[in-house]
Amino acid sequence: MRASRWANLGIGLALILPTARADEPPTLPGTTPLTLEGDIAATLVDGVDRFLLRKTAESVARRAGDWKRDFSSHAAYEKSVEPNRKRLAHILGVRDPRPPFDAPELVGTTDRPALVGKGTNYEVFAVRWPAFGDVHGEGLLLVPTGRPKVADVVAIPDADQTPEQIAGLAPGVAPESQYARRLAESGCRVIVPTLIDRRLEARGGRSKLTTREYLYRSAFVLGRHLIGYEIQKVLAAVDWFAKDAKDADPKIGVFGWGDGGLLALYSGALDTRIDVVGVSGYFGPREQLWREPIDRNVFGLLEQFGDAEVASLIAPRTLCVDTAKGPEVVVEPGNGGGPGRISTPDLQAAHDEYMRFVGMVVNLEPKPRASLVMGADLAPASPAAVRAFVTVLDPSAEVKDDDQAPSPAAALPDAAARQARQVHEIDQHSQQLLVESPYVRQEYFKNLDTSSPEAFAKTIEPYRTAFRDDVIGRFDDPLLPPNARSRKVYDEPKYTGYEVVMDVFPDVMAYGILLLPKGIKEGERRPVVVCQHGLEGRPSDVADPKVDNKSYNQYAIRLAERGFVTFAPQNLYIGHDRFRTLQRKANPLKKTLFSIIVPQHQQITDWLKAQPFVDPARVAFYGLSYGGKSAMRIPPLVSNYCLSICSADFNEWVWKNASTRSPYSYVWTNEYEIFEWDLGSTFNYAEMAALIAPRPFMVERGHFDNVAPDETVGYEFAKIRFLYEARLGLRDRAELEWFVGPHTIHGVGTFKFLHRHLNWPEP
């Protein structure tokens, strides 16, 4: 969806603009001179970056307000943190019911029995078990022989380890770190799930993504998460442990390293049946989550949770933290996926996060059991950590330091085939959720009353609030005084152009080009069209008479020549990975790029409405491509806009983001910031348009626009037309113009739409 040329945010790049005549006022009345030089877009993006980093740092202190811990008893404590536990489950996408089952299935064939290895006093079987939907956990089961088990444990490997490696059946993990084997040798019955790996390959013949990011993308849009899917596999094993204990009180633990440590921490926080949680090579502060691989991106995590807060959900049960060396992973930029890095948590930072956890639960009586195994040179999943973990499960258990690996009893499971099955099952589950998503949204909107415009206006407001708070994300900061600065940059026969900059939040500014038609009489107030560029675009793409970008066809200029005041804002989506990291920084705060863009437009339109040449009741939005995406998200939340036009973007948006079948899907592309949390359950484009109603809304669609096929555009727009015309009786306020052309501003039907609804005569 690139609608303009690539833009370089490097130092020294400046807009080349014509010099205004010396005998004319260089600034707009009521503004101060604009002296900012260089690339203003780069300055804008840099300021937003500083703002988000500051908000991230502040999130640690803000979290306490969302917790109401009751320390009067263990039971009271667990009840008091239950809302936080439910919130964590929601943002991790742990939503699908798990089916009951009697026991894992043995996985074998006539050529390869399920028994795949034997060790000292234990046997190893290939198994699988139902987790949710048609998705299974699959891996190994290590069963003690010749003695009763001391406990049941889920041993969770890192994403780039196989169950066989941590069980000692395959090379790749040092003997001291084969913790599934160590646990089995100690008398534990151990189940080891397979995790989705980070293999990097071209998806759909296009962008190179890790397997984890590939599955994360669809799931995220549908209110699920790869992390949540894998937690479900762990908790399904816990379901079996609990059921298999019958009337006895089971001893259940989870232990993991790297990604396995992440899953162990979250699983223990969500399920109070787990008695002991062991986390190795993972625990630490999460304020740098935006640097980690994107499959770890959890929308809203830092709003309530760092690792310390998650750990506090495990109390009063036992947490064992091992500061051993973690996995070292680098996902390089430039392949099309989100760049990221995993490294061993800093020892002091891990200690400080652990002490934050201790401080949160210090008032619990009796004191919860917790341990921190520290050392700069600890092996992954160190023997000391395994010993501390097992001793809590059963103080009488003997933890051996035996380096005798189990002997394979048969050919080992085909790890590649197993991985392919796991990927297929998860992908198919997400695709089934996509099929069901229209019905989920219909249920979500069941409280919307369309019996009359008055009933609609009243009942749509809770949905607008949910869209603002739970989809877009809202900062509570008040807008600063605009402190508008301007300078004249164009003097054309029919209009004058000014660059305008104004303040929004500390470090956050709004910037754009205002085109003011000549001949406005004193006291006359004109309609305004805000003309929004697309991906990697600039205001000059739509408003500079010397720029002839075929995607935009100088539409801000053409409208100014028709007598409209136009304003072309600079939006955040410029600079490739530079702006995409802003989305990564915003998401853990329960925010998005539009959490900044919406207040920018609020400030812009507030300022425009205050100008003596503007009719405050006639301010319209018209955007192309990413600007069309903006047309679906900004006007629902900025009531200053009296209408919205979406050009070269409108389609069945959830399908476009989540489908792994469609060639139009974003699953295959490099726009890794495009995915928005849980739209499948809440707001597709028809539902976003409902937030614009009853204001006029129009779609401009070229038949040869590769954004989407005509049929999905028509399908989604039909829902809007039905709302406007059939339900609300607004017969002239929702339009779709088709034209024979590509991804471009056509400027025919849309211009007529503007003239009609802004009550301005056509030339």
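Remember, predicted model here, so these are calculated numbers, not experimental data.

Student: Could you give an account of the side chain of Thr 581, naming the residues involved and the relevant values?
Tutor: Positionally, Thr 581 belongs in helix H18 (residues 577–586). The class of Thr 581 is buried, set by a relative accessible area of 17%. Reaching out from Thr 581, the side chain makes a polar contact with the backbone oxygen of Arg 578 at a distance of 2.9 Å.

Student: Any chance you could break down the pairing of strand S25 (residues 734–739) for me, citing the residues and the numbers?
Tutor: Relative to S25, strand S24 (residues 697–702) runs parallel, the two being bridged by six bridges. By the bridge assignment, Val 699 is partnered in S25 with Leu 736. This β-α-β element, S24 to helix H23 (residues 710–727) to S25, shows right-handed connectivity.

Student: Run through the packing of aromatic side chains, naming residues and quoting values.
Tutor: Evaluation of the coordinates by the stated rule reveals 27 aromatic pairs. Aromatic pair Phe 445 and Tyr 463: ring centres 4.2 Å apart, planes at 10 degrees, arrangement stacked. Of the two residues, Phe 445 is situated in the loop between helix H13 (415–444) and helix H14 (453–459) and Tyr 463 in helix H15 (residues 461–472); the sequence distance between them amounts to 18 residues. Exposure remark for Phe 445: the relative accessible area of 11% places this residue in the buried category. With a centroid separation of 5.1 Å and an interplanar angle of 5 degrees, the aromatic rings of Trp 653 and Tyr 685 are classed as stacked. Here Trp 653 is found in helix H21 (residues 653–658), whereas its partner Tyr 685 is found in helix H22 (residues 685–692), with 32 residues between them in sequence. A relative accessible area of 0% places Trp 653 in the buried class.

Student: I'd like a rundown of the pattern of salt bridges, residues and numbers included.
Tutor: Pairing of side chains with opposite charge becomes possible as their charged atoms draw close. Summed over the entire model, instances satisfying the criterion amount to 65 salt bridges. Each of Arg 198, Arg 212, Glu 230, Asp 259, Arg 286, Glu 292, Asp 295, Arg 296 and Asp 307 takes part in one network of salt bridges that share partners.

Student: Can you break down the pairing of strand S19 (residues 508–517) residue by residue, with the values?
Tutor: Taking burial as the measure, the ten residues of S19 include ten buried ones, the bulk of the element. What you see with S19 is no split at all: Val 508, Ala 510, Gly 512, Leu 514 and Leu 516 on one side and Met 509, Tyr 511, Ile 513, Leu 515 and Pro 517 on the other are buried throughout. Here strand S18 (residues 495–505) runs beside S19; their pairing, made up of ten bridges, is antiparallel. Along S19, the bridge assignment pairs Gly 497 with Leu 515. Sheet topology places S19 next to strand S21 (residues 565–569); four bridges connect them, and they run antiparallel. Across the sheet, the residue bridging to Ile 513 is Ala 568, located in S21.

Student: Outline the sheet that holds S24, supporting the account with residue identities and numerical values.
Tutor: Strands sit in the order S1-S17-S18-S19-S21-S20-S22-S23-S24-S25 across an open sheet of ten strands; the sheet is mixed. Where the open sheet ends on each side, the last strands, each with one partner, are strand S1 (32–33) and S25. Both strand S20 (residues 526–532) and S21 contribute to a ladder of three bridges, which runs parallel. Within the sheet, the bridge partner assigned to Val 528 lies in S21 and is Val 565. This element, helix H1 (residues 40–62), spans strand S17 (485–491), S18 and S19 of the sheet and lies at about 145 degrees to S19. Across the sheet, helix H24 (residues 749–757) lies against S20, strand S22 (614–624), strand S23 (643–647), S24 and S25, angled at about 175 degrees from S23, the strand it touches most.

Student: Account for helix H11 (residues 347–361), with residues named and values stated.
Tutor: Because the α-helix completes a turn every 3.6 residues, residues three or four places apart line up on one side. The end-to-end C-alpha distance of H11 is 22 Å, a good match for the 21 Å that 15 residues give at a rise of 1.5 Å each. Three or more residues of H11 are buried, namely Ala 350, Glu 353, Tyr 354, Phe 357, Met 360 and Val 361. Mapping the buried residues of H11 onto a view down its axis gives an arc of 110 degrees, with all of them on the same face.

Student: Outline the side chain of Arg 618, listing residues and values.
Tutor: You can see Arg 618 is positioned in strand S22. Classification of Arg 618 as buried rests on a relative accessible area of 15%. A distance of 2.6 Å separates a polar atom in the side chain of Arg 618 from a polar atom in the side chain of Asp 615.

Student: Please give an account of unusual backbone geometry that cites residues and values.
Tutor: With an omega dihedral of -10 degrees, the bond running from Glu 365 to Pro 366 counts as a cis peptide bond. Relative to the helices and strands, Pro 366 is located in the loop between H11 and strand S15 (370–373). Omega for the bond connecting Ala 693 with Pro 694 falls within 30 degrees of zero, at 5 degrees, which places this linkage in the cis form. Within the chain, Gln 554 stands out as a residue other than glycine whose phi angle is a positive 50 degrees. Structurally, Gln 554 can be placed in the loop between helix H16 (540–543) and helix H17 (555–561). The phi dihedral of Ser 625 is positive, around 60 degrees, even though this residue is not glycine.

Student: Could you give an account of the state of the cysteines, with specific residues and numbers?
Tutor: Overall, the coordinates contain zero disulfides when judged by the stated rule. Take Cys 646: it sits in no disulfide, and the sulfur closest to it among the cysteines is that of Cys 531, at 14 Å. Take Cys 646: its relative accessible area is 0%, and that puts it in the buried class.

Student: Quick one: what's the story with the packing of H22 against H23, residue by residue and with numbers?
Tutor: Contact pair H22 / H23: the axes reach a minimum separation of 8 Å and the direction vectors enclose 30 degrees. Put simply, H22 runs roughly parallel to H23. Our pair here, H22 against H23, has a crossing hand that is right-handed. When H22 is examined against H23, the residues Tyr 685, Ala 686, Glu 687, Ala 689, Ala 690 and Ile 692 are found in contact with a partner set consisting of Glu 716, Lys 719, Ile 720, Leu 723 and Tyr 724. Looking at side-chain class alone, the contact of H22 with H23 contains eight nonpolar, no polar and three charged residues.

So, how was this worked out
- Residue positions are given per chain, counting from 1 as you read along its sequence in written order.
- A pLDDT threshold of at least 70 governs which residues receive local features in this predicted model, and a stricter bar of 80 or more applies before side-chain atom pairs are shown or counted, although totals over entire chains, interfaces and linings include all residues.
- Processing note: side-chain calculations cover all non-hydrogen atoms of the structure and skip hydrogens and water entirely.
- Strands here mean DSSP runs of E at least two residues long; helices mean DSSP runs of H or I at least four residues long; both are numbered from the N terminus.
- Relative accessibility thresholds used throughout: buried, under 20% of the residue-type maximum; exposed, over 50%; partly exposed, between the two (1.4 Å probe, protein chains only).
- Under this definition, polar contacts are N or O atom pairs within 3.5 Å; protein pairs additionally need one hydrogen-donor-capable and one acceptor-capable atom, and for neighbouring residues in sequence, both atoms have to be side-chain atoms.
- When DSSP finds at least two bridges between two strands, those strands are taken to pair.
- Look down the strands so they point away from you; if going from the first strand over the helix to the second traces a clockwise path, that crossover is right-handed.
- Ring pairs shown here join Phe, Tyr and Trp side chains whose ring centres sit within 6.5 Å, with only the six-membered ring taken for Trp; geometry is labelled stacked below 30 degrees between planes, edge-to-face above 60, and tilted in between.
- Salt bridges, as used here, are contacts in which a Lys or Arg side-chain nitrogen is within 4 Å of a carboxyl oxygen on Asp or Glu.
- Contact criterion: two residues are considered in contact whenever any of their non-hydrogen atoms come within 4.5 Å of each other.
- Orientation is described by axes fitted as lines to C-alpha atoms, over the contacting stretch for helices, and by angles from 0 to 180 degrees between their N-to-C directions.
- Given a helix with a known number of residues, its expected span is that number minus one, times 1.5 Å.
- Here the arc refers to the set of directions running from the helix axis out to each C-beta atom.
- When the sulfur atoms of two cysteines come within 2.5 Å, that pair is taken as a disulfide.
- By the definition adopted for this analysis, an angle is roughly parallel if under 35 degrees, roughly antiparallel if over 145, roughly perpendicular if from 65 to 115, and oblique otherwise.
- Helix crossings fall into two classes, left-handed where the near helix is turned counterclockwise from the far one by less than a right angle and right-handed where it is turned clockwise.
- Gly is put with the polar residues, along with every residue not named as nonpolar or charged; the nonpolar set is Ala, Val, Leu, Ile, Met, Phe, Trp, Tyr, Cys and Pro, and the charged set is Asp, Glu, Lys and Arg.

In short, geometric facts, not functional conclusions.
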